[in-house]
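# Inside the fold
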Amino acid sequence: MSPTASTDDGDELLARLGALTAQARALAEVQRSRMELAVALQRGMLPRDLPVVGGVRLAVRYAPAYQGLNVGGDWYDAFTMSDGRIGLSIGDVQGHNVEAAAFMGQVRVGLRALASVTGEPGELLAMTNDLLLSLGSDLFATCTFLRLDPASGVIESARAGHLPCVWATADGWSGVTRDEGGPPLGIQPESAYPVTRYRLDTGSLFVMLTDGVVEGPSMRLDEGMDHVVRLAGIAAVARLDANALAAAVIKGAEQVGHDDDAAVLVISRDGPDAQP
């Protein structure tokens, strides 16, 4: 081989390496832009503030997806209803793109708006289901809606294909709620959503979460739920702050290797005389 041919081959190799480097930089920039969009979606469509009620502590954590644009489908919400009770919702929209993010916003806003018509959780989910079906979207959402009476601690719960909640009491008991539930929102017309009642006693807590917290390539769903049950039990016995528990639960989402959003909403009851 002549020296000239060798030089030409080297130049071609360098040119190819340069092109590959430029492509890698472009892909990295796209990834960075997607993550910035993920954060913007989370900030723009999720509530800025939580209700402040004596005796009840609320804490939330939200972690956008680690990979690509697998973001936009999870949400949480908490608001004061017209009768003074607190409405709380958490859910997950099928899909991970801008369309899913928009649909998530429709579900959350729809729940809030229809709560002014009926605060009963089962009726509220049924009306939201009908509303979403009328929009003609191909997407659907899982959801849990709770109505909490801060004075009595009574929680009324209805589920639409979503994960159960985790509970724990100050005397060391903890577990997973076993309410019946109904189908996801936006799939089946005239669906029914049974309501189950619980009592949140002083020192007790509820944990609402999405599957990105407890399920992923590195952990099965049952293992993830057991982990949250253990954390909740420790937090209740040790009288940990709701924010501390929410932070610990969302930290555990890293162990599942999730490529999905992860959302956590913790409700604890300190008693009627506690200060917000």
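In what follows, the accompanying structure is described.

Procedures and definitions
Residues numbered from 1 in each chain as written. Predicted model: local features only at pLDDT ≥ 70, side-chain atom pairs only at ≥ 80, totals over all residues. Heavy atoms only, no water. Buried < 20%, exposed > 50% of the residue type's maximum accessible area, 1.4 Å probe, protein only. Helix = DSSP H or I, 4+ residues; strand = E, 2+ residues; numbered from the N terminus. Pairing = 2+ DSSP bridges. Contact = heavy atoms within 4.5 Å. Axes fitted to C-alpha atoms, helices over the stretch in contact; angles between N-to-C directions. Parallel < 35°, antiparallel > 145°, perpendicular 65-115°, else oblique. Left-handed = near helix turned anticlockwise from the far one by under 90°. Nonpolar A, V, L, I, M, F, W, Y, C, P; charged D, E, K, R; others polar.

This brings us to the pairing of strand β10 (residues 262–269). Burial of β10 is extensive: eight of the eight residues sit out of reach of the surface. As paired strands, strand β1 (residues 56–63) and β10 are joined by eight bridges and run antiparallel to one another. Within β10, the position partnered with Ala 59 by the bridge is Val 266. In this structure, strand β9 (residues 205–209) lies alongside β10, joined through five bridges in antiparallel fashion. Looking at β10, one finds that Val 207 is bridged to Val 266.

Moving on: the environment of Val 249. Its place among the elements puts Val 249 in helix α5 (residues 242–252). Using a relative accessible area of 2% as the deciding quantity, one classes Val 249 as buried. Distance in space between the C-alpha atoms of Val 249 and Val 213 is 7.4 Å, their sequence separation being 36 residues. Here Val 249 is in contact with Val 213, Val 228, Leu 231 and Val 264, once residues within four sequence places are set aside.

To continue, consider the packing of helix α4 (residues 221–237) against α5. With their axes 10 Å apart at the nearest point, α4 and α5 run at an angle of 160° to one another. Compared by their axis directions, α4 and α5 come out roughly antiparallel. For the crossing formed where α4 meets α5, the hand is right-handed. Residue-level contacts link His 227, Val 228, Leu 231, Ala 232 and Ala 235 of α4 to Leu 245, Ala 248, Val 249 and Gly 252 of α5. Residues belonging to the contact of α4 with α5 are distributed by class as follows: seven nonpolar, two polar and no charged.

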